[in-house]
Amino acid sequence: MPITVNRQPGGLAIVLSGEIDHHGARVMMQQLEDAIARDLPMHLTLDLSGVTFMDSSGIAVLLRTLRQMNQLGGTLRVTAIPAQARRVLDAAGVGRLITLE
Amino acid sequence: MKAIDQTTIVFTSRSANEGFARACTACFAAQLDPTLDEVADIKTAVSEAVTNAIVHAYPDRIGRITLRLRLLAGNLLEVQVKDSGVGIPDVEQARTALFTTGNEERSGMGFSIMESFMDSLKVRSAVGRGTTVTMRKRISKRREGTP
Ligand SMILES: Nc1ncnc2c1ncn2[C@@H]1O[C@H](COP(=O)(O)OP(=O)(O)OP(=O)(O)O)[C@@H](O)[C@H]1O
Ligand SMILES: [Mg+2]
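Residues numbered from 1 in each chain as written. Chains lettered and ligands numbered in written order. Predicted model: local features only at pLDDT ≥ 70, side-chain atom pairs only at ≥ 80, totals over all residues. Heavy atoms only, no water.

Participant: Tell me what's going on with the overall build of chain A, and back it up with residues and numbers.
Facilitator: Helices and strands together make up the secondary structure of chain A, namely three helices and five strands. From first element to last, N terminus to C terminus, chain A shows the α and β order β-β-α-β-α-β-α-β. A compact globule built from 101 residues should have a C-alpha radius of gyration of about 13 Å, and chain A, at 12 Å, falls within 12% of that. With respect to the three principal axes, the spread of C-alpha positions in chain A is 30 × 30 × 20 Å. Classification of the 101 residues of chain A by burial places 50% in the buried group. Considering only contacts in chain A between residues 6 or more positions apart, those separated by 24 or more positions represent 70%. Total accessible area on chain A stands at roughly 4600 Å², and carbon and sulfur atoms take up 52% of it. Side chains of chain A carry 9 positive and 9 negative charges; the gap between the two charge centres is 5 Å. (Helix = DSSP H or I, 4+ residues; strand = E, 2+ residues; numbered from the N terminus. Rg over C-alpha atoms; globule rule 2.2 N^0.38 Å. Buried < 20%, exposed > 50% of the residue type's maximum accessible area, 1.4 Å probe, protein only. Contact = heavy atoms within 4.5 Å. Areas by Shrake-Rupley, 256 points an atom, 1.4 Å probe, with all protein chains shown as cover. Lys, Arg positive; Asp, Glu negative; His and termini not counted. Charge placed at Lys NZ, Arg CZ, Asp CG, Glu CD.)

Structure representation (structure tokens):
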């Protein structure tokens, strides 16, 4: 299970883990979409602490999640970003679109 | 440029081989004693190139991907990813950030990431023949005896 969903007052905190490449991204995206559709959270925090590798496929996962949260009128924060994932997100300028902490 | 060491790995364009290609590259690069950041950069770049071959080169069939790893003089690592897929009609356009012919699972950042994580990136492609991506990165020489 690459995602762990924790309900919090006002929203959801989801911990992602494992390798987010093209091979793993589809299952993760589906699980994220399902979790968001189920709870319709106003605030979503994605905790990347368990992510051991991420490439551009992970960028697409984050941007799609952002779009889903925008449609709900909710907010997205990405936290506990490991160094390798951080370099990928910085290289792609994702920080201009999503709050990275 | 003559290679000091070289290995070639051929695999199919199944997505499970993305992790395999990263692991092979990291193992080969280990002889250069790279830092953790350098290993991470190399793995990310090879992941982008191999994913492109899997997703774009062979959109509706399983094809062959060749990963050639070379160690060149001056602590230089060369990674080459070659496919015999559909090819790229306009390489310059393809290398532009955010350009993608893919679906919503793609962000058009693969080539930009390869470029920023490696020292050089060369893309040769012919429509209907395939694509060869060649990247090089100089690995910092850590002084002997220092931890
Ligand atoms: N090996 C290849 N064979 C055929 N076309 C390719 C190949 N590699 C890249 N391309 C083309 O170049 C475009 C840009 O590639 P790039 O890796 O930068 O972005 P992407 O793969 O579309 O998205 P991302 O890498 O962010 O998931 C692709 O959309 C595709 O049209
Ligand atoms: Mg790509």
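Participant: Break down the overall build of chain B for me, citing the residues and quoting the values.
Facilitator: Within chain B, the secondary structure is distributed over four helices and five strands. Its helices and strands taken in sequence order, chain B reads β-α-α-β-β-α-α-β-β from the N to the C terminus. With the C-alpha coordinates aligned to their principal axes, the bounding extent of chain B is approximately 50 × 30 × 30 Å. Across the 147 residues that make up chain B, the buried fraction comes to 49%.

Participant: Give me the lowdown on the state of the cysteines, citing residues and values where you can.
Facilitator: One pass over the structure, following the stated rule, counts zero disulfides over all chains. Residue Cys24(B) stays outside any disulfide, its sulfur separated by 6.9 Å from that of Cys27(B), the closest cysteine. (Disulfide = S-S within 2.5 Å.)

Participant: Pulling in residues and values, what's your account of the interface of chain B and chain A?
Facilitator: With 23 residues of chain B at the contact, the number on the chain A side is 18 residues. Carbon and sulfur atoms supply 51% of the area buried between chain B and chain A, which totals about 1800 Å² over both sides. The largest contributions to the chain B side of the interface with chain A come from Arg22(B), Glu104(B) and Glu105(B), which together make up 26% of the buried area. The partner of Arg64(A) in a salt bridge is Glu104(B), and the shortest N-O contact between them spans 3.8 Å. At the junction of chain B with chain A, the criterion picks out twelve residue pairs in polar contact (both at pLDDT 80 or more). Listed by contribution, the elements that provide at least two residues to the side of chain B that touches chain A are helix 1 (17-29), helix 2 (36-57) and helix 4 (110-117) of chain B. For the side of chain B that touches chain A, the element with the most residues is helix 2 of chain B, which contributes nine residues. In terms of residue class, the side of chain B that touches chain A is built from seven nonpolar, eight polar and eight charged. (Buried area = accessible area lost by both parts, 1.4 Å probe. Salt bridge = Lys/Arg side-chain N within 4 Å of Asp/Glu carboxyl O. Polar contact = N/O pair within 3.5 Å; in protein donor to acceptor, adjacent residues only side chain to side chain. Nonpolar A, V, L, I, M, F, W, Y, C, P; charged D, E, K, R; others polar.)

Participant: Would you mind going over the sheet that holds strand 3 (residues 43-54) of chain A in detail, with residue names and values included?
Facilitator: All names here are of chain A. Read across the sheet, five strands follow the order 1-2-3-4-5 without closing on themselves; strand pairing throughout is mixed. Among the strands making up the open sheet, the edge pair consists of strand 1 (3-8) and strand 5 (99-100). In this sheet, strand 3 lies alongside strand 2 (residues 11-20) in parallel orientation, the contact comprising nine bridges. Pairing of Leu 12 across the sheet is with Leu 44, part of strand 3. The strands touched by helix 1 (residues 22-39) within the sheet are strand 1, strand 2 and strand 3, with strand 2 carrying the most contacts at an inclination of about 175°. (Pairing = 2+ DSSP bridges. Axes fitted to C-alpha atoms, helices over the stretch in contact; angles between N-to-C directions.)

Participant: Lay out the pattern of salt bridges in plain terms, naming residues and giving numbers.
Facilitator: Here the structure, examined in full by the defined rule, presents 14 salt bridges over all chains. The salt bridge partner of Arg22(B) is Asp21(A), with a shortest N-O separation of 3.0 Å. Pair noted here: Arg22(B) is in helix 1 and Asp21(A) is in the loop between strand 2 and helix 1, and the two residues belong to different chains. For the pair shown, Arg22(B) and Asp21(A) are each scored as buried. Across the salt bridge formed by Lys137(B) and Asp41(B), the nearest N and O atoms sit 3.7 Å from each other. Separated by 96 residues along the polypeptide, Lys137(B) in strand 5 (residues 130-138) and Asp41(B) in helix 2 bring together distant segments of the chain.

Participant: If you had to explain the site of ligand 1 to someone new, which residues and values would you point to?
Facilitator: Around ligand 1, 21 residues are found, and the nearest of them are His56(B), Thr100(B), Thr101(B), Arg106(B) and Met109(B). In this structure ligand 1 sits where residues from chains A and B come together. With respect to ligand 1, the side chain of Ser56(A) contributes an N or O atom lying 3.1 Å from an oxygen atom. Thr100(B) places a side-chain nitrogen or oxygen 2.5 Å from an oxygen atom of ligand 1. Broken down by secondary-structure element, the contributors of at least two residues to the shell around ligand 1 are helix 2 and helix 4 of chain B. Top element by residues in the shell around ligand 1 is helix 2 of chain B. It accounts for five residues. Along the lines of polarity and charge, the residues of the shell around ligand 1 split into eight nonpolar, ten polar and three charged. (Near = heavy atom within 4 Å.)

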